[in-house]
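Residues per chain, in single letters:
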Amino acid sequence: MNGQVAVENLNKRFFSDSGPLEVLSQININISGGEFISLVGHSGCGKSTLLRILAGLETEYEGVARLDGQPILKPSLEKGFVFQDHRLFPWLTVAENIGYGLPKGRDKAARVAELIELVGLTGFEKHRPSQLSGGMAQRAAIARALGTSPKVLLLDEPFGALDAMTRITMQEEILKIWEKEKVTVVLVTHDIDEAVYLSNEVLVIAGRPGQIVSRVEVSLGRPRDRLSSDFNHIKRKIYRYFFTEVEPPFAFSI
Amino acid sequence: MSGKAVLATLKSGAPPAPLTFLGGRARALAQYLALPAAGLAIWQTASTLGYIAPYALPSPWLILRTGVESVADFSLPRDILVSVGRVVGGFILAALTALALGIVTALSTRFETYTRCLFQVLKPIPPIAWIPIAILWLGIGESSKLFIIFIGAFFPVFINTVSGIRHIDPRYVEVARVLEIPYGKFVKTVVLPGALPVILSGLRIGLNNAWICVVAAEMIAATSGIGYLLMDGRQLAQPDKVILAMLVVGVIGKITDDLVARLETGLVRW
Ligand SMILES: Nc1ncnc2c1ncn2[C@@H]1O[C@H](COP(=O)(O)OP(=O)(O)O)[C@@H](O)[C@H]1O
Ligand SMILES: [Mg+2]
């Protein structure tokens, strides 16, 4: 078994003082092991909630979520999670943070060094999170999640707070890691360009409660050209679910 | 940049002009000492000119002479040593107990449920109010002083330990869950470091209280220590001794507080 993720007939609601809030409705997902899937949608449509369900952090819902056939009941090392805010421990160094989930042992130091190399943080082992840039902190958080060799890597808008340039660099990094570690990746993002650039399939979530309104397969080769017409054709398909398209006036179209 | 420096920038609208290292330091020190120095000068002048009766308020010069004399005959250093020893003993006892109980209370809901009412009632009783019962139970020996200091230092440390641990960022708890961190390691590496800043400020308040309590306890029942010196000065109608003792209390309190503050910045480096 190799990191296959399945969600069947999932409904999720939160209960608050103002009554129940339907967040997700009739979600069905099937992800083969080793795939790269993105979830895109407006903020508040339930993307984080869905990801937290896959992580086992959220357990009150209708339906089933499975990893390799087994119901997901609680967090475990099989499911790596990278939060939108990096959540590194400020009192630990970069190396200590990255090695935090690793069991004590002779090979721990070697594994940490390997991870630091993998995310390109060599030379920053002894730094504290407050001394890192946003991109570097996010890379450390990714390294920490990868340390225990999860079967599935859950990324909740990991590059959301980064500037456009850093974001593109980080996208390249995450692709490299994905290809090397052969891990299933579920990426939540509100950046359609990012989703199309990275994933095999983009799931579009919309509405309240959130539903999967479209599954867009991205059958482009890699590396992908963000400026190619195929790439933009796919982007446009996804855009349609969020923005009503403005028809160009007849006179200007060829 | 320290919080204070940032605030200063806010107020002036621009970063403070860069000062040369020595010049800046010297100026800061001068500003720091200006007010007490001016006060001393006025006080001394008024005393010399006869505006202040020496039996009400002796001149700084006279107090200084008394100070030098009591240092020369070792009486003042001995009193200081005695008081500081009591504070150190009582404070360490209180801090260790409060830390242990605070950790258990914060981590165990059941323990908290059973003990809450008791602590809620004991907390508002001022340490000084314990002095009569302390004398009744323990006499006027060392143990009654330690007891009062213990009461004074215990609650700030206890309260801050509990609230520091309780208010641990739940986001860090999620990280620990995702990484399947065992409970013991979780407490050691997430809970305690996360609560450390709040615990340290509790220790600081506790030490301050301990120092206040030792003086109070010694004033009522003791034959040595700074508080005793104070009371002794009053009984012998020696106001210079009384004020000398007060100044010593203030200066030593400031020094210990500075030391703990330095420990705080040394330990909390993130
Ligand atoms: N723990 C919670 N309790 C109550 N409501 C919540 C909770 N978490 C999220 N929500 C609500 O659920 C909806 C979806 O949230 P979320 O999954 O974070 O959306 P997204 O990640 O797509 O922006 C939002 O309306 C949010 O306010
Ligand atoms: Mg979210």
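Residues numbered from 1 in each chain as written. Chains lettered and ligands numbered in written order. Predicted model: local features only at pLDDT ≥ 70, side-chain atom pairs only at ≥ 80, totals over all residues. Heavy atoms only, no water.

Residues and elements named next belong to chain A. Every residue near ligand 1 is listed here: Phe14, Leu21, Val23, His42, Ser43, Gly44, Cys45, Gly46, Lys47, Ser48, Thr49 and Arg208. At 2.6 Å, a backbone N or O of Gly44 approaches an oxygen atom of ligand 1. Contact between ligand 1 and Thr49: an oxygen atom at 2.5 Å from a side-chain N or O atom of the residue. Protein burial of ligand 1: of its 560 Å² of free accessible surface, 61% is covered by the chains. (Near = heavy atom within 4 Å. Polar contact = N/O pair within 3.5 Å; in protein donor to acceptor, adjacent residues only side chain to side chain. Areas by Shrake-Rupley, 256 points an atom, 1.4 Å probe, with all protein chains shown as cover.)

A word on the domain arrangement of chain B. Its domain assignment divides chain B into domain 1 (3–52) and domain 2 (64–267). A separation of 31 Å is found between the C-alpha centroids of domain 1 of chain B and domain 2 of chain B. (Domains from an automatic or database assignment.)

Our focus in this paragraph is the packing of helix H5 (residues 109–122) of chain B against helix H7 (residues 142–166) of chain B. Relative orientation and spacing of two packed helices are given, respectively, by the angle between their axes and the distance between those axes. All names here are of chain B. Axis separation between H5 and H7 bottoms out at 12 Å; the angle between their running directions is 140°. Relative to H7, the element H5 is oriented oblique. Considering the relative orientation of H5 and H7, their crossing is left-handed. Of H7, the residues touching H5 (which contributes Glu112, Phe119 and Leu122) are Phe154, Phe155, Phe158 and Arg166. (Axes fitted to C-alpha atoms, helices over the stretch in contact; angles between N-to-C directions. Helix = DSSP H or I, 4+ residues; strand = E, 2+ residues; numbered from the N terminus. Parallel < 35°, antiparallel > 145°, perpendicular 65-115°, else oblique. Left-handed = near helix turned anticlockwise from the far one by under 90°. Contact = heavy atoms within 4.5 Å.)

What follows is about the nonpolar core. Membership of the largest hydrophobic core comes to 90 residues, with the highest contact counts inside it found for Ile27(A), Ile29(A), Leu54(A), Phe81(A), Phe89(A), Leu154(A) and Val186(A). With 16 residues, helix H9 (residues 183–220) of chain B is the largest single contributor of residues to this core. What Leu154(A) contacts, discounting residues up to four positions off in sequence, is Leu51(A), Leu54(A), Ala55(A), Lys79(A), Gly80(A), Phe81(A), Val82(A) and Val186(A). One finds Ile98(A), Val183(A), Leu187(A) and Ile192(A) within the second-largest nonpolar core, a separate group that totals 47 residues. (Core = buried A, V, L, I, M, F, W, Y, C linked by side-chain atoms within 4.5 Å. Buried < 20%, exposed > 50% of the residue type's maximum accessible area, 1.4 Å probe, protein only.)

All names here are of chain A. Strand order in the open sheet formed by 4 strands is E2-E1-E4-E5, and the pairing between neighbours is antiparallel. What marks the edges here is a single partner per strand, and that holds for strand E2 (19–31) and strand E5 (70–71). Here strand E1 (residues 5–16) runs beside strand E4 (residues 62–67); their pairing, made up of 5 bridges, is antiparallel. The residue bridging Glu8 from the neighbouring strand is Val64, located in E4. (Pairing = 2+ DSSP bridges.)

Turning our eyes to something else, we now look at the side chain of Gln138(A). Among the secondary structure elements, Gln138(A) is positioned in helix H4 (residues 134–146). A distance of 3.1 Å separates a polar side-chain atom of Gln138(A) from the backbone oxygen of Pro158(A).

Here the focus is the interface of chain B and chain A. Size of an interface: often given as the accessible area lost when the parts come together. Between chain B and chain A, the residue contacts involve 17 residues of the former and 21 residues of the latter. Counting the surface lost from both chain B and chain A, the interface buries some 2000 Å², and carbon and sulfur atoms represent 62% of this. On the chain B side of the interface with chain A, the three residues burying the most area are Val178(B), Leu179(B) and Trp270(B), jointly 31% of the side's total. Linking chain B with chain A are 3 salt bridges, by the criterion used here. With a shortest N-O distance of 2.4 Å, Arg171(B) and Asp85(A) are connected by a salt bridge. Summed over the shared surface of chain B and chain A, the number is 8 residue pairs in polar contact (both at pLDDT 80 or more). A class-by-class count of the residues in the side of chain B that touches chain A yields 9 nonpolar, 2 polar and 6 charged. (Buried area = accessible area lost by both parts, 1.4 Å probe. Salt bridge = Lys/Arg side-chain N within 4 Å of Asp/Glu carboxyl O. Nonpolar A, V, L, I, M, F, W, Y, C, P; charged D, E, K, R; others polar.)

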